[in-house]
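Given next are the chains, with one letter for each unit.
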Amino acid sequence: MFHREAGVFKTTYAADMSLFPLPVARKAIAVICVLLVAFIPLVCSEYQLSQFNLIFIAVVGALGLNILVGYTGQISIGHGAFMSVGAYTAANLAVRLDLPFWITLPAGGLMAALIGAAVGVPSLRIKGLYLAITTLAAQLIIEWTINHVPFISGGTQVSIPVPKPSLFGFQFETQRELYFLLLLAAGVATIATLNLVRSRLGRAFVAIRDHDIAAEITGIDIFRYKLLAFAISSFYAGVTGVLYTYYLGIANYEQFQIDVSIDFLAMIIIGGLGSVLGPILGAAFVTLLPIFIRGLMQSMGGLLMNENTLAAVIPNLRLTLFGVAIILFLIVEPEGLNRLWRNSRNYFRFWPFSY
Amino acid sequence: MNKRLLWVSALVVGLGPAMSREAGAQSKEVVFGMQCDRTGPTEIVGSVACVGMHDYVDLINSKGGVDGYRIKLIDIDNQYKVPPAVEAFQREKEAGAVTMAIYGTPQVVALAQQCNDSKISCTSPGFGISASADGKRYPYVFPIAASYWSQAAAAVEYAKQQLGGSLKGKKIAYLFYDNPAGREGLPVLQDLKASEGFELSEFAVPPPGLDANAQALDIAQRTRADFVLMHLFGRAPSIALKALKGNGYPLRKVIGFVWASAEADIEAAGGFGAVNGYNTLQFAGVGTDYPVHKEIAAMYAKDGKAAPKEMQSTVYYNRGIAWAALHVQALNNAISAKGGAAPNGEEVKRGFEAIYDFTLGGIVPPLKITEADHEGGGYVQVWQVEGGKLVKKTDWYRAYPEVVQKQIKMAEK
């Protein structure tokens, strides 16, 4: 093809440890960065940017959940609640103590990490479905607590308006401005995850996922690492909650209910567990597929039925098609979009001499 | 190999947005964006009310539109989820919507700020933020129907009439959905408890409200409440009605708030015969005896079609009509105020604030929306299940406006 993988010699430790050792990968990443930073915000409308914004927020949450589910092999149906912990922590700090965005963002993440680690304690004794149920319980307990403690919820409405986020004296108001903020967040989360999973920590997580007893025998402190996995994953979730809060201008627990936890699980399963690219693709897929199906049907459906029937049919058909698409994707490639991407990349690697 | 699949998906992904682009806008057109929930937890409402909205807008368009402007209705399903609602808002804004009907309380809460920033008047009849009745604080959010505070006040007033004109020493039970919307009635009730001298007992039904037997037993046998105010959503109202009846509580002494009061709830509770006597609060007229129904039926008949079956679900269908009609009226006011020119979001806002004396043959309450009062008075009617149908018990009324006003003032802080 148009690049060589052989003959890339590494002469320094830094080169050996770089995230993308191949020149072609570095170039591709550079092109993607230029596209995201310079091209897309220039050519896209506010509406299209708002879709990117929703994807960026979802990417942060999906990456975090994948650290727990994909890399450490633990399951959590409580991530929606961890997001609400982050959201309400940030909102309370922002409103009561008038703290700026750059403090409330990590503070929301840290509080979620704390709660997440506590919720992770049962994972030391139980696995699989049993763990799923305890995290489900956590989801409901956290929801109930936020709902019933006015100190957290800020009154009967259980919603706290927050000011627009500002960083270094710049206030992010329009979708275009928020685009850069959320791109930064998603970018930092991605780089952090890429580095995390190849560190000592990440390898310990993978060892626990693959066989926890073997991992323990090789000297990995299961107690510590499982809780760390929960804490790190919840930190991402908390940050996601804070981003949602600032993006919408309000913290509201009703947008972090159990279906959100399920949606995020869907993202990482569709994207591919145990990879970094997977959750990113999954987040984009789950966010865009319904919009895409609607657009397609609005343009084509007019040939078959009148406008009013179409309006009633589209939502139902869209749900159905969404389900069918997910099933089809998973039949074609059970390991998700990430594997699909790898397969097609590997195909073109030897193209046109595939044998 | 997955190559073929890859190509097909690439093709589809590439072509989709291109095809979905709207055809060039007509010269005289105003865009009205609406969100709907036809597939989420409240589809029982959305799948009927949205048909009413479409039918009304079609009716106006078939009569030549608003001052010659065709209304373009963009309908996006938000599944009662927040991210799709944000997406829908942005899409409708891009399509040039000057006014929007938002669907769902969390969605209104999430979008209220964007409505203000974008100067697009957003409506949330019968749900949303009660405090947004205050037009000074929420300039672009319009509840345009009785808020939960007004509903609570109106329900107490009705109970007072039914119990002989005084509530002194009476026991009132508040059976509510344990979420923010459900609890919202509480401060008004507590306020009225002091001034009217009744005893208030609170019974929370935890979501999703599939069991209310313990609460019903307590109300019927232990507390022996004199009247029950029922503020439930979704499947909970029918389940609570069954439980109350099963425990021997007379449904004549039960009044449901606006989301517990549709034909669908009554059917689910065992049918009109089973819940005979049950009282319901309504923020739009009930039944098909309004002129607008005949016009819509005539419009369908002209195309050789029967009126949609949703029309028989009159509670939600009529709310859809009333909802759309208020938007159309606001557009009408805005266009006339501008002497026939196309209005922008700010002018439509003023159009809403000029709504007065517009009842559409009685289906819409006698609202008077002003710059300060976006609720328009908080009027309701009580309809009772009687002899197999809903029968009007009271005309439009509102109760204790000063108590509701006090809550709005307190929310400002």
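Because the structure is predicted, anything quoted here is derived from the model rather than measured.

Student: Can you lay out the interface of chain B and chain A for me, pointing to particular residues and giving the numbers?
Tutor: At the interface, 48 residues of chain B touch 51 residues of chain A. For the pairing of chain B and chain A, the buried interface totals around 4200 Å² over both sides, and the portion due to carbon and sulfur atoms is 55%. Our count for the contact surface shared by chain B and chain A stands at 4 salt bridges. The partner of D117(B) in a salt bridge is K164(A), and the shortest N-O contact between them spans 3.2 Å. Our count for the chain B to chain A interface comes out at 11 residue pairs in polar contact (both at pLDDT 80 or more). Of the residues in the side of chain B that touches chain A, the class split is 17 nonpolar, 13 polar and 18 charged.

Student: Tell me what's going on with the pairing of strand β1 (residues 29–36) of chain B, and back it up with residues and numbers.
Tutor: Residue and element names in this part refer to chain B. Burial analysis of β1 places 8 of its 8 residues in the buried class, the great majority of the element. Note that β1 and strand β2 (residues 70–77) share 8 bridges and pair parallel. Residue E29 lies in a different strand from β2, and its bridge partner there is R70. For the handedness criterion, the β-α-β arrangement of β1, helix α2 (residues 43–62) and β2 is classed as right-handed.

Student: Explain unusual backbone geometry to me, and be specific about the residues and the numbers.
Tutor: Residue and element names in this part refer to chain B. Residue P208 follows P207 across a cis peptide bond; omega there is 0°. Its place among the elements puts P208 in the loop between β7 (199–205) and α8 (213–222). Positive phi outside glycine occurs at K119, with the angle close to 55°. Relative to the helices and strands, K119 resides in the loop between α4 (105–118) and β4 (121–123). Although it is not a glycine, Y400 adopts a positive phi angle of roughly 45°. Structurally, the position occupied by Y400 is in the loop between β12 (389–392) and α14 (401–411).

Student: Any details on the domain arrangement of chain B? Residues and values, ideally.
Tutor: All names here are of chain B. The domain boundaries assigned to chain B delineate domain 1 (26–146 + 288–362) and domain 2 (148–282 + 380–411). Placing the centre of domain 1 and that of domain 2 at their C-alpha centroids yields a distance of 28 Å. Note on domain 1 versus domain 2: buried area summed over both sides is about 1600 Å², and carbon and sulfur give 55% of it. A per-residue breakdown of the area domain 1 buries against domain 2 is headed by S130, A146 and R319, which together make up 32% of the total. Scanning the region where domain 1 abuts domain 2 turns up 0 salt bridges. Joining domain 1 to domain 2, the criterion identifies 10 residue pairs in polar contact (both at pLDDT 80 or more). Going through the elements one at a time, α2 and α12 (314–337) are the ones with two or more residues in the side of domain 1 that touches domain 2.

Student: Describe in detail the nonpolar core, supporting the description with residues and values.
Tutor: In this structure, L175(B), L229(B), Y278(B) and L281(B) are the most contacted members of the largest nonpolar core, which totals 244 residues. Residue contributions to this core peak at 15 residues, all from helix α3 (residues 46–71) of chain A. The residue makeup of this core includes at least three contributed by each of domain 1 (26–146 + 288–362) and domain 2 (148–282 + 380–411) of chain B. Ignoring sequence-local partners within four residues, the contact set of L175(B) consists of F203(B), V205(B), Q215(B), I219(B), V228(B), L229(B), M230(B), H231(B), L232(B), A240(B) and L244(B).

Student: Lay out the packing of aromatic side chains in plain terms, naming residues and giving numbers.
Tutor: Summed over the entire model, instances satisfying the criterion amount to 21 aromatic pairs over all chains. Judged by centre distance (6.1 Å) and plane angle (85°), the ring pair of Y148(B) and F233(B) falls under edge-to-face. With Y148(B) in helix α5 (residues 148–162) and F233(B) in the loop between β8 (227–231) and α9 (236–246), this pair connects stretches of sequence that are 85 residues apart. Judged by relative accessible area, which is 2%, Y148(B) ranks as buried. What makes F233(B) buried here is its relative accessible area of 16%. Over the aromatic face of F151(A) sits the side chain of R96(A), whose NZ or CZ is 4.4 Å from the ring centroid. Seen from the ring of Y140(B), K349(B) lies directly overhead, with NZ or CZ sitting 5.7 Å from the centre.

Student: Residues and numbers for a nonpolar patch on the surface, please.
Tutor: Residue and element names in this part refer to chain A. There is a patch of nonpolar side chains on the surface, built from V31, L35, F39, L42 and V43 and spanning about 510 Å² of accessible area. By the element assignment, F39 lies in helix α2 (residues 23–43). The exposure class assigned to F39 is partly exposed, which follows from its relative accessible area of 46%.

About the thresholds
- Numbers given to residues run from 1 along each chain, matching the order in which its sequence is written.
- Chains carry letters from A onward and ligands carry numbers from 1 onward, assigned in written order.
- Selection of residues for local features in this predicted model requires a pLDDT of at least 70, selection of side-chain atom pairs for listing and counting requires 80 or more, and totals for whole chains, interfaces and linings are taken over all residues.
- Excluding hydrogens and water, the side-chain values take into account all heavy atoms of the structure.
- The contact criterion used is simple: two residues touch if any of their non-hydrogen atoms lie within 4.5 Å.
- The quantity reported as buried area is the accessible area (1.4 Å probe) lost by two parts once they are put together, taken as the sum for both.
- Whenever Lys or Arg places a side-chain nitrogen within 4 Å of a carboxyl oxygen from Asp or Glu, that contact is recorded as a salt bridge.
- For this analysis, a polar contact is any N or O atom pair within 3.5 Å, provided that within protein one partner can donate a hydrogen and the other can accept it, and provided that sequence-adjacent residues contribute only side-chain to side-chain pairs.
- Under the scheme applied, nonpolar residues are Ala, Val, Leu, Ile, Met, Phe, Trp, Tyr, Cys and Pro; charged residues are Asp, Glu, Lys and Arg; polar residues are all the others, including Gly.
- Relative accessible area decides the class of each residue, using a 1.4 Å probe on protein chains only: under 20% of the type maximum gives buried, over 50% gives exposed, and in between gives partly exposed.
- What counts as a helix is a DSSP run of H or I of at least four residues, what counts as a strand is a run of E of at least two, and both are numbered from the N terminus.
- What makes two strands pair is DSSP finding at least two bridges between them.
- Look down the strands so they point away from you; if going from the first strand over the helix to the second traces a clockwise path, that crossover is right-handed.
- Residue ranges assigned to the domains are those given by an automatic or database domain assignment.
- Put simply, buried Ala, Val, Leu, Ile, Met, Phe, Trp, Tyr and Cys residues joined by side-chain atoms within 4.5 Å make one nonpolar core.
- Aromatic contacts are taken between Phe, Tyr and Trp rings whose centres are within 6.5 Å, Trp giving its six-membered ring; a plane angle under 30 degrees counts as stacked, one over 60 as edge-to-face, and the others as tilted.
- Think of it as a cone above the ring: NZ of Lys or CZ of Arg counts as a charge over the ring if it is within 6 Å of the ring centre and within 35 degrees of the ring normal.
- Patches were defined on residues exceeding 30% relative accessible area and lacking a salt bridge, with like-charge contacts within 9 Å and nonpolar side-chain contacts (Val, Leu, Ile, Met, Phe, Trp, Tyr) within 5 Å.
- We get accessible surface area from the Shrake-Rupley algorithm with a probe of 1.4 Å; when it comes to residues, only the shown protein chains can shield them.

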